[in-house]
Amino acid sequence: MTRKKDVEKEYGLPSGSLECLARTFLPGIQAFFEIEENQKAFEAWLAQRQRATKEKSVA
């Protein structure tokens, strides 16, 4: 229950609304990641993001 109250405070949305949004978006996100090309693109994006983070921490 504490988590739901944190969500309400942080985003200003009732927890039921946030859950409804999650139920709406989840099938599309799952379908996206079922495609191997999309998985590879995501992995490439993560690698690029990690490199950028390392470069910022070195500078």
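You'll find the structure just up there.
Predicted, not measured: the structure shown is a model, and the values here were computed from it.

(A) Spotlight on helix 2 (residues 15-34). Look at helix 2: 28 Å from first C-alpha to last across 20 residues, which is about the 28 Å you get at 1.5 Å a residue. The axis of helix 2 is deflected most strongly, by about 30°, at F25, and proline P27 appears within four residues downstream.

(B) Representation of the pattern of salt bridges in the model. Under the definition given, this model contains two salt bridges. Two residues, E19 and R23, come together in a salt bridge whose shortest N-O distance is 4.0 Å. One end of the pair is E19 and the other is R23, both in helix 2 and four residues apart, which spans about a single turn. The exposure class of R23 is exposed, given its relative accessible area of 56%. One salt bridge connects K40 with E36, and the closest N-O pair in it is separated by 3.3 Å. Separated by four residues within a single helix, K40 and E36 lie in helix 3 (residues 36-58), roughly one turn from each other. With respect to burial, K40 and E36 carry one shared label: exposed.

Thresholds applied
Once a new chain begins, its residue numbering starts again from 1 and follows that chain's sequence as written. Reporting of local features is limited, given that this is a predicted model, to residues whose pLDDT is at least 70; pairs of side-chain atoms are given and counted only at 80 or more, and all residues count toward the totals for whole chains, interfaces and linings. Excluding hydrogens and water, the side-chain figures rest on all heavy atoms present in the structure. A run of H or I in DSSP becomes a helix once it reaches four residues, and a run of E becomes a strand once it reaches two; helices and strands are each numbered from the N terminus. By definition here, a helix of n residues has an expected span of 1.5 Å times n minus one. The angle between axes fitted to the seven residues ending at a residue and the seven residues starting there is what we call the bend at that residue. When a carboxyl oxygen of Asp or Glu is within 4 Å of a side-chain nitrogen of Lys or Arg, the pair counts as a salt bridge. Type-normalised accessible area, obtained with a 1.4 Å probe on protein chains alone, sets the label of each residue: buried when under 20%, exposed when over 50%, and partly exposed for intermediate values.

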